[in-house]
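Chain by chain, the residues:
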Amino acid sequence: MAGNEWINGYLEAILDSGAAAGGGEQRGPAAAGAVSFRDRGHFNPAKYFVEEVVTGVDESDLHKTWIKVVATRNSRERSSRLENMCWRIWHLTRKKKQLEWEDFQRLTKRRWEREQGRREATEDMSEDLSEGEKGDTVGELLQSETPRKKIQRNISDLQLWSDDNKGKKLYIVLISLHGLVRGENMELGRDSDTGGQVKYVVELARALSMMPGVYRVDLFTRQISSPDVDWSYGEPAEMLTSGSYEPEGNDLGESAGAYIIRIPFGPRNKYLRKELLWPYLQEFVDGALAHILNMSRVLGEQVGGGQPVWPYVIHGHYADAGDVAALLSGALNVPMVLTGHSLGRNKLEQLLKQGRMSKEDINATYRIMRRIEAEELSLDAAELVITSTRQEIDEQWGLYDGFDVKLERVLRARARRGVSCHGRYMPRMVVIPPGMDFSNVVVPEDSTEADGDFELIGADGASLKSIPPIWSEVMRFLTNPHKPMILALSRPDPKKNITTLVKAFGECRPLRELANLTLIMGNRDDIDEMSGGNASVLTTVLKLIDKYDLYGLVAFPKHHKQSDVPEIYRLAAKTKGVFINPALVEPFGLTLIEAAAHGLPMVATKNGGPVDIHRALNNGLLVDPHDQKAIADALLKLVAEKNLWQECRKNGLRNIHLFSWPEHCRTYLTRVAACRMRHPQWKTDTPTDGDMAIEESLGDSLTDVQESSLRLSVDGEKSSLNGSLEYDPVDLEKVTTGDPELQDQVKKILSKIKKQAPEAKGADSSKKLSDTSGPTLNKYPLLRRRRRLFVIALDCYNEKGAPERKMLREIQEVFRAVRSDSQLSRISGFAVSTAMPISETLELLKLGKIPPTDFDALICSSGSEVYYPGTAQCMDADGKLCADPDYATHIEYRWGYDGVKRTIVKLMATQDARGNANKTDNSSSNIGEDVKSSNAYCVSFFIKDPTKAKPVDELRQKLRMRGLRCHVMYCRNSTRLQVIPLLASRSQALRYFFVRWGLNVMNMYVILGERGDTDHEELMSGSHKTVIVKGVVEKGSDELLRTAGSYQKEDIVPEDSPLIVYTNGEPKSEEIMRALKEASKAASRM
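A brief report on the enclosed structure follows. Predicted model only: the values in this text are computed from it and were never measured.

Analysis parameters
- Residues numbered from 1 in each chain as written.
- Predicted model: local features only at pLDDT ≥ 70, side-chain atom pairs only at ≥ 80, totals over all residues.
- Heavy atoms only, no water.
- Salt bridge = Lys/Arg side-chain N within 4 Å of Asp/Glu carboxyl O.
- Helix = DSSP H or I, 4+ residues; strand = E, 2+ residues; numbered from the N terminus.
- Contact = heavy atoms within 4.5 Å.
- Pairing = 2+ DSSP bridges.
- Axes fitted to C-alpha atoms, helices over the stretch in contact; angles between N-to-C directions.
- Buried < 20%, exposed > 50% of the residue type's maximum accessible area, 1.4 Å probe, protein only.
- Core = buried A, V, L, I, M, F, W, Y, C linked by side-chain atoms within 4.5 Å.
- Domains from an automatic or database assignment.

Under the criterion given, the structure shown has 56 salt bridges. Through salt bridges with shared partners, one network takes in Glu373, Asp380, Arg956, Arg960 and Arg965.

Attention now moves to the environment of Lys606. Here Lys606 shows up in the loop between strand 13 (602-605) and helix 22 (610-617). C-alpha separation for the pair Lys606 and Leu621, spaced 15 residues apart in sequence, amounts to 8.9 Å. Setting aside chain neighbours within four positions, we find Lys606 in contact with Val611, Leu622, Val623, Asp624 and Pro625.

Let's shift gears to the sheet that holds strand 6 (residues 336-339). Within the open sheet, the eight strands sit side by side as 3-4-2-1-5-6-7-8. Their pairing is mixed. The sheet is open, and its two borders are formed by strand 3 (237-241) and strand 8 (428-431), each paired with just one other strand. Taking the axes of each pair of neighbouring strands and ignoring which way they run, one obtains an average angle of 20° across the sheet. Sheet contacts for helix 7 (residues 196-209): strand 1 (170-175), strand 2 (214-222), strand 3, strand 4 (257-263) and strand 5 (313-317); angle to strand 2, the most-contacted strand, approximately 160°.

It is worth spelling out the pairing of strand 20 (residues 939-943) at this point. With respect to burial, strand 20 is a largely interior element, four of its five residues being buried. Two strands pair when backbone bridges link them, and strand 19 (residues 927-929) and strand 20 are joined in this way by three bridges, in the antiparallel orientation. Paired with Glu929 across the two strands is Phe941, which belongs to strand 20. Taken together, the four bridges between strand 20 and strand 22 (residues 976-981) define a ladder with antiparallel strand orientation. Paired with Val939 across the strands is Val979, a residue of strand 22.

Judged by nonpolar contacts, the single largest core of 162 residues is most densely connected at Ile175, Phe855 and Phe993. With 10 residues, helix 9 (residues 318-332) is the single largest residue contributor to this core. Viewed by domain, this core spans two of them, domain 1 (163-243 + 252-431) and domain 3 (829-894 + 983-1084), each represented by three or more residues. For Phe855, the residues in contact, after removing those within four places along its chain, are Ile792, Ile811, Phe815, Phe830, Ala831, Val832, Leu845, Ile850 and Pro869. Val541, Ile580, Leu638 and Leu644 belong to the second-largest nonpolar core, a separate cluster that totals 71 residues.

Its place among the elements puts Asn165 in the loop between helix 6 (131-145) and strand 1. Those residues in contact with Asn165 that sit more than four places away from it in its chain are Pro212 and Gly213.

The structure is reproduced here in structure tokens:
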């Protein structure tokens, strides 16, 4: 192999080792079967190993072994070890080829499934079109499949963000979870999680806060209180900027500006790498939701006229933040934006191609399948996906189930014509290059002054002028620092291709004579203490410098600070140098923009983001990173041709504004404004009209004196004269001797009670509603008065999917447990969360003689419907219980009932070996429609044979390929398949209660069995307390959740969470109460 000199000696040693090694070599090829390589009619083992085996193996480890082998003096032992090396190479190659074949099969199957999904989606959507429109749709699809020149869509058809928007007062939320995030003295490069993304999100937050119309920007990250990191990462909030001022000079307000908000989740005293954060993400969601709700109220008081100021957009950065942004945007019903930064599927493909790790090993190391699912979920929920380059869209996002460029074009064309897409959706991808802060960049008007400066630098590097310390550190390596500097700045990562650059420089004599080479390869103290890959690159660089005798021509300082980087660019520009990025693949290339801002022309890889940067700046040359001669020729051309150098420099400086932060933010806000804006749509007269405002104020005052002067009835045991007012008039009169303002409030409420009491007593409708709501009706749910909520989500079903009686028994035990504590009972409410429809839920409660009004809420049909028994809001004119209409509006986003129903029927049909559905009749299908359990937001089917049912993740994949965004779950002991909207679920319903009624998720207790429906894991994780009742649920549906090779339960549910408590022994009220207290104590210690 070229560039690995040890191979020649290695092969010579093999050939010289005699029969033992030779026999080993001859047996190897024989095992290949059909593989036969001959040299002029004779098999040549050396040629075979070099051309077919060794060239496919990463030899860094083999090289170390070979060094030990050749040092062995005993010829017999050396021959034996060489033979073992032969077999080692042979098996590595066999394994790599096997992985390549499996990868090829997988990609072929995936390509076929995607084509089938696209075809079915197009066929389904064309059913409601006229013949002419059908032709248009097919034409669009065929046209998208035909190679053609890509036309850059101009943003001019959108209204650019301008100063006209200064009156909007927007609240923007950014999320970046992993790494160490702070505004000043960022520790970039400290570890793999604290890199360019950290700098990007901090600068984006600052820049957005200065844009017209943006009032506040919150950057959410993890709060870390660990002795391993600086104390500043444990601060709950950090101001980045105080915001801008109005043109009149008025301060915008105390909450304006950009802030880092740190939310605690996971172990409080540990700094975790990003792969270990997955099980704790739902804790972050609940903590962030609490902050957003509080901030929305505060901003409402400051700039919203008393109405909450909901986030304009929630923007997730990377897969983990995308996952939580999807949940937050669903809970708040506000738009979501995603920036991937780097993508899991792309990384998986690259690691598989290397052939060094199996898919199982990759998943165990990087939690790659959990990361990919988070990215897929982000695509489900995102309105907009921001990328740095077009290549990222085509070659990276194109690998995902949830994004298909061709289908996206069809759906966009239909949307422009106003034709229904039946709930199908593809997120919009836009290229917005990252911004940069050029405020500290000083570029001399006339670059010729650099020559004058360098006249003062002597041959020994000393200068009569004061120069930056990093200049001295670089120039001490160089014999002649006046020569143009070729600058490379990157980590010593094999993907950055630094070794090829050194070879190109070392083997090109004209380039060596004309220029110096400076390598800024991170910071290091001892190469032996560095990671294997980085240490290997540095070692190779040092050996190449020695091989080509580049001493005095190459600088490679050990340390530099972040603040030194601009000075390094300035030094290269003063010498009329060139910046080079020779990476094998560069996702974007931020250093290219930094270099251009300092007046440096560039030579860059033609793979990835530099193509777009070069198109915008036109300030250099692109090269094949594998072509050593092309790299040397491009560098020599720029260094030698001064006119070309000057032209590239001027082009870069002229166009660099395209990558400034103001330009980035202007494009960003323009694109976000074009999204479908949405926010909570429930009626604002609920807790915010005049009477309710008085009642809220009174409730806060009464709380303060509750123990001394007032006993509140909030557990449903004491009837209230007025359903919306839960205070006894006698109790209210006890506090009228206090504050005069409080007296006025109490008198108003007492007057209201006296006026409405006769109406409540004489209402004829109470008899009609008595079966479901008891003697009186509340205007609003009692949830908004509760301090605690106990959610019973026990999935106890028999083999037919009918509820078992022990579910009723456990409900009664939970009631007894909570009501055994009088203080707890007064502030607590109950809810049932089930996959059953409301009709079956009420039948079950009736069977157990449990009044529905014992519950504040009923979450039915797997979270697609919410009911509040005993409230006028959930009663129709006939006195029947009806679902919360506000919740229905909340979850309808991207829901297409008919499209989902038709697609599920097709997917669940029996399939042949090629995956083609048998369409002869419905008898071959494994499902049947469950009309009783279906509703407008739930498609329900009976499962005839659970053993033949497709797992959830397989169905979810196929639905995504067809543009359908929804939740799929098996429930009721695997006898039902239910599909509900993307924003609906039993766990998200709890967050809806928080947003709608103010009952914090952290004050909820969820009672589960050891097993349950396929959403069981979602209900376990989060900041609520979870009590697992043992011995109640024997069978569940969880075996249908995922296929082999998918992410695992430990990626969703933390194994060591103190918030999850198990009962011991018989699940009686006493044991349940013990578990509840244990969970409360554990939460208080966090």
